[in-house]
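Take a look at the letters that make up each chain.
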Amino acid sequence: MSTSSLFRWAADFEIVPMDASDCAEASVLHAGGFSQVWSDGEIQALLGQDAVFGFIARRPGRRRRSGGFVLARLAADEAEILTIAVSPKYRQNGLGWRLMGAVLRHLRAEGTPSLFLEVDEGNDAAITLYRKIGFSKVAERAAYYDQDSGARTAALVMRLDLG
Ligand SMILES: CC(C)(COP(=O)(O)OP(=O)(O)OC[C@H]1O[C@@H](n2cnc3c(N)ncnc32)[C@H](O)[C@@H]1OP(=O)(O)O)[C@@H](O)C(=O)NCCC(=O)NCCS
C-alpha cells in the first residue's frame, strides 16, 4: 500500500466520544502500543467512572478497525491523560494530534486550567507530540517504568496550561 493511500485513510477517520461499545476496539489498539495491555473490561471500568472520558478515531459508519483512542480523567479541576494509542498502521498521519485536540477542546469548554500526563523518558514519538502541543516537563519519577529488557526508565511528568 502506498503512503498516499494510507494518508487518505487516516484523513477519513472522525474523532468521536467513546462509549462502552468501543472498549473492545480500544483494548486491541492499546495492545498495539503497550506491552502491558489493558483489557476490554479494564477500559470499560475506567470509562464507567464519572470523571473519565475518551475519544476514538473511527471511520464513519464502522465500529471496527478504529485508528486510535485516548482516555482522560477530569476531577476537581485536575485533568490527566490516562492513555493514548494509535494503530501502528496509521501512525504519523495526524491521528494522535487530532485525538489530543479533542481532549483539549473538551477541557477548555469545561474551564479546566491545566492538563497533566506521564510519559516514558524513552518514548520519543510521544514526547515530540506532547512538546508540539505545548506540554513541558514539570517533574521526573526515577526508575518508574519496567522495560522488557529489565531496565527501568524514568517517567516525565508534563503539564499543559489550558488558560
Ligand atoms: C504517540 C502516538 C500516540 C502518536 O500518534 P501519531 O498519530 O503517530 O501522532 P501524529 O501523527 O499525530 O504526530 C503528531 C506529531 O507528533 C510527533 N511525532 C509523532 N510520531 C513521531 C515519531 N515516531 N517520531 C518523532 N516525532 C513524532 C511529530 O511532531 C508529529 O508532527 P509532524 O507529523 O508534523 O512531524 C503513537 O506513536 C502511539 O500510539 N505510540 C504507542 C503508544 C504510546 O506510546 N502512547 C503514549 C504513551 S504516554
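Residues numbered from 1 in each chain as written. Predicted model: local features only at pLDDT ≥ 70, side-chain atom pairs only at ≥ 80, totals over all residues. Heavy atoms only, no water.

Trainee: Go over the site of the ligand with me, naming the residues and quoting the values.
Mentor: Around the ligand, 21 residues are found, and the nearest of them are V86, Q92, G94, N123 and K132. I84 is positioned such that a nitrogen or oxygen atom in its backbone is 2.9 Å from a nitrogen atom of the ligand. One nitrogen or oxygen atom from the main chain of G94 is found 2.7 Å from an oxygen atom belonging to the ligand. Coverage of the ligand by the protein chains reaches 76% of its 920 Å² of free accessible surface. For the shell around the ligand, the secondary structure elements donating two or more residues are β4 (78-86), α4 (95-109), β5 (114-120) and α5 (124-133). Per-element tally for the shell around the ligand: the top contributor is α5, with 6 residues. Tallied by class, residues from the shell around the ligand come to 11 nonpolar, 7 polar and 3 charged. (Near = heavy atom within 4 Å. Polar contact = N/O pair within 3.5 Å; in protein donor to acceptor, adjacent residues only side chain to side chain. Areas by Shrake-Rupley, 256 points an atom, 1.4 Å probe, with all protein chains shown as cover. Helix = DSSP H or I, 4+ residues; strand = E, 2+ residues; numbered from the N terminus. Nonpolar A, V, L, I, M, F, W, Y, C, P; charged D, E, K, R; others polar.)

Trainee: An account of the pattern of salt bridges is requested, with residue identities and associated values reported.
Mentor: Considering all chains together, one arrives at 5 salt bridges under this definition. Of the charged contacts, one joins D22 and R58 as a salt bridge, the two residues approaching to 2.6 Å between their closest N and O atoms. Here the residue D22 occupies a position in the loop between β1 (14-17) and α2 (23-31), and R58 occupies one in strand β2 (residues 52-58), the gap between them amounting to 36 residues. R58 sits in the buried class, given a relative accessible area of 10%. (Salt bridge = Lys/Arg side-chain N within 4 Å of Asp/Glu carboxyl O. Buried < 20%, exposed > 50% of the residue type's maximum accessible area, 1.4 Å probe, protein only.)

Trainee: Give a description of the domain arrangement of the chain that names residues and reports values.
Mentor: Once the domains are mapped, the chain shows domain 1 (1-112) and domain 2 (113-163). Averaged C-alpha coordinates put domain 1 and domain 2 at centres separated by 18 Å. Around 1200 Å² of area is buried between domain 1 and domain 2 when both sides are counted, 71% of it from carbon and sulfur atoms. Sorting the residues of domain 1 by area buried against domain 2 places W97, M100 and T112 first, and these three jointly supply 36% of that buried surface. Scanning the region where domain 1 abuts domain 2 turns up 0 salt bridges. Along the contact surface separating domain 1 from domain 2 lie 3 residue pairs in polar contact (both at pLDDT 80 or more). Considering each element in turn, the side of domain 1 that touches domain 2 owes the most residues, 7 residues, to α4. Looking at the side of domain 1 that touches domain 2, its residues break down into 8 nonpolar, 4 polar and 3 charged. (Domains from an automatic or database assignment. Buried area = accessible area lost by both parts, 1.4 Å probe.)

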